[in-house]
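# Architecture and fold: a report
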Amino acid sequence: MRRIILELAIVAAAALMPPATSASCIPDKSASTFNPITGVYAYWHSTTTDGTVSGLSWQLGAPGTWNSNGGVVNCSTFSWMYINAQGINVNLSLGSCGAGCPSNGSTLAVLAQHQPQFGGKTNFLLATIAETPASAINFDYGTQGDHDLIELPRPRVLSSMRGTGGAINLNLSLPSVEAGFYGPNAASAVTGYVVRSVKSPTTPCRDASCYPTVLGTFPAPGGVATTGVVAADCSDLGTDDWIATQLSFEGGAIVSTSVSQPIRLLCNPALADPKYKIVPKRHETTLDH
């Protein structure tokens, strides 16, 4: 019964998509975690089923050949990734949106991003699979079985020092995300990390657009752990600075649209000789200066 319900949901979702003529992938190609012919299906599991999910897709190693975030109809304008009590489902018609079309026999990358409600931790995975042209689903992720999303870790402050002009120089540790990759050569897509910030009196959202300032980009091929130094802005003593991590793929051609849970930088003018201190809170890390 669950499979029948899922099939009906996929058919209904497909009916809401724009016609294939809106993109250049003709004849159409498809990517899904469920194959209605074989009945093989899979779910991608996050830590909770609340909140929202979003996805990015591109041809592995060649995002200029196929990219979900381009073309006449951007794939982000409608849902092709869903979350329910069983987990996350993928049902993407590549001919309905995006720019270009994956080459025959190529490998497709799909980045799944989950933002839980109430300011929780951002979770993600990157899954890749080679095309099976004769299959009812060209890119059949159901054959891989279930996958688990992992937390996109926030940056960790190793040390700090006051700079000039109200800057605070932070020596950051950026933890590994290697556990979040599935499928052939998935890790090869990962370039490294982007550290972003925003000044805000309240906790910002988990969208990358909420953090307009790029503090630095740090190479980390394959998603390994790395370190880097950034200069945070403490010139406005009345507003906190929030710092989060963004993932970079394919040499920066693709970046995650979600960011990690941020750390919070408080600027305290009473400290002539700044000391580094982390005070954990329920949904954030605070750095006092």
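Scroll up a little and you will see the structure.
What counts, and at which threshold
- Residues numbered from 1 in each chain as written.
- Predicted model: local features only at pLDDT ≥ 70, side-chain atom pairs only at ≥ 80, totals over all residues.
- Heavy atoms only, no water.
- Helix = DSSP H or I, 4+ residues; strand = E, 2+ residues; numbered from the N terminus.
- Buried < 20%, exposed > 50% of the residue type's maximum accessible area, 1.4 Å probe, protein only.
- Contact = heavy atoms within 4.5 Å.
- Areas by Shrake-Rupley, 256 points an atom, 1.4 Å probe, with all protein chains shown as cover.
- Pairing = 2+ DSSP bridges.

### Some words on the overall build of the chain
- Within the chain one finds 1 helix and 23 strands.
- The proportion of buried residues among the 289 residues of the chain is 52%.
- In the chain, 69% of the contacts between residues at least 6 apart in sequence involve partners at least 24 apart.
- For the chain, the exposed area adds up to about 12,300 Å²; of that, 57% sits on carbon and sulfur atoms.

### As for the side chain of T245
- The residue T245 is located in strand β19 (residues 241-249) in this model.
- T245 gets classed as buried once you look at its relative accessible area, which sits at 2%.
- Contact partners of T245, with chain neighbours within four places excluded, come to L152, P153, R154, P155, L174, Y193, V194, V259 and S260.

### Some details on the pairing of strand β14 (residues 167-174)
- Among the 8 residues of β14, 6 are classified as buried, and the element is accordingly described as predominantly covered.
- The pairing of strand β13 (residues 156-162) with β14 spans 6 bridges and is antiparallel. Across the sheet, the residue bridging to S159 is N171, located in β14.
- Hairpin geometry of β13 and β14 is characterised by an intervening segment of 4 residues between the two adjacent antiparallel strands and by a positive phi of about 65° at G165.
- Bridge analysis of β14 against strand β18 (residues 226-233) gives 8 bridges, and the strand direction is antiparallel.

### Digging into unusual backbone geometry
- Cis geometry is found at the peptide bond from I26 to P27, where omega equals 5°.
- The topology assignment puts P27 in the loop between α1 (2-16) and β1 (30-32).
- A positive phi is found at N185, a non-glycine position, where the angle reads about 60°.
- Considering the arrangement of structural elements, one finds N185 in the loop between β15 (181-182) and β16 (190-199).
- When its relative accessible area of 56% is taken as the criterion, N185 is described as exposed.
- Although it is not a glycine, E250 sits at a positive phi angle of roughly 50°.
- Looking at the secondary structure, you find E250 in the loop between β19 and β20 (254-255).

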